[in-house]
Amino acid sequence: MKRDRRLYPLSWDHHHGLVFARQTRIAMNQAEVAPAEISRSIEALRAFWAQALRPHFEAEENLLLPALRSQGQAGQEEIELTLDEHRQLAGLFQEITCSEDLIEVRHKLAQFAELLIQHIRFEERKLFARVAELLSGPELDLIGQQLAKRYQALNPARSDQTG
């Protein structure tokens, strides 16, 4: 599906999220997973959460969803599902990073990966389509500018990708 160019920074994040989730899913769904592999996956999740996923959620929750919410009742279902899945992922992150039971953590990591893939597909296919349908060109321009500014501040090396 063709994505509105002003939402590209979020779609690039989604690409990286899918790569992370697929790698995690493969690692955790092997017949045998060594404790060291689970520990590496926990550390990878911590880094991914701090550097990518949390800032991505904040961008959506502070820029995209309020603009969609301003359109009235239209788009409310997509907003609620987005926020619910953000909460579910945050809850799983807490469970994974606070647990010492590696068998439980392995299953939670696999669950996190599946939910992240599902969430990204929903946003790319439904949420972004709804945003493009309901928001005007100037509203999308403003969101695009704010996303570019936000991502440039987070990672100046990406500034060439946000335009």
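As shown above, the structure is provided for reference.
Residues numbered from 1 in each chain as written. Predicted model: local features only at pLDDT ≥ 70, side-chain atom pairs only at ≥ 80, totals over all residues. Heavy atoms only, no water.

1. Focus on the pattern of salt bridges
Following the criterion strictly, the structure yields 10 salt bridges and no others. R40 serves as the salt-bridge partner of E37, at 2.9 Å between the closest nitrogen and oxygen. One end of the pair, E37, and the other, R40, are both in helix α2 (residues 35–69), three residues apart, so they sit about a helical turn from each other. A cluster of three or more residues bridged by salt bridges with shared partners is formed by D4, R6 and D141. (Salt bridge = Lys/Arg side-chain N within 4 Å of Asp/Glu carboxyl O. Helix = DSSP H or I, 4+ residues; strand = E, 2+ residues; numbered from the N terminus.)

2. Notes on the nonpolar core
By size, the foremost hydrophobic cluster in this structure holds 26 residues, and its most contacted members are L109, F112 and L116. Residue assignment for this core shows that the elements contributing at least two residues are α1 (8–28), α2, α3 (76–98) and α4 (102–134). Tallying contributions element by element places α4 first for this core, with nine residues. In this structure L109 touches T24, M28, I38, S41, I42, L45 and I96, once residues within four positions along its chain are discounted. Among the nonpolar cores identified, the runner-up in size contains 19 residues, and L63, L64, A67 and L135 belong to it. (Core = buried A, V, L, I, M, F, W, Y, C linked by side-chain atoms within 4.5 Å. Buried < 20%, exposed > 50% of the residue type's maximum accessible area, 1.4 Å probe, protein only. Contact = heavy atoms within 4.5 Å.)

3. Observations regarding α1
With 21 residues, α1 extends 30 Å from end C-alpha to end C-alpha; this agrees with the ideal 30 Å at 1.5 Å per step. Listed in full, the buried residues belonging to α1 are P9, L10, S11, D13, H14, G17, L18, F20, A21, T24, A27 and M28. For α1, the secondary structure elements touched by its buried residues are α2, α4 and α5 (137–154). (Expected span 1.5 Å × (residues − 1).)

4. A look at the environment of T97
Positionally, T97 belongs in helix α3. With relative accessibility at 16%, the residue T97 sits in the buried group. The spatial distance from the C-alpha of T97 to the C-alpha of R6 is 34 Å, given a sequence separation of 91 residues. Here F93 takes part through its backbone oxygen, which lies 2.9 Å from a polar atom of the side chain of T97. (Polar contact = N/O pair within 3.5 Å; in protein donor to acceptor, adjacent residues only side chain to side chain.)

5. Brief notes about the side chain of T82
Residue placement: T82 occurs in helix α3. Separated by 2.8 Å, the side chain of T82 and the backbone oxygen of E78 make a polar contact. When near neighbours in sequence (up to four residues on either side) are disregarded, T82 contacts E60, L65, H119, F122, E123 and L127.

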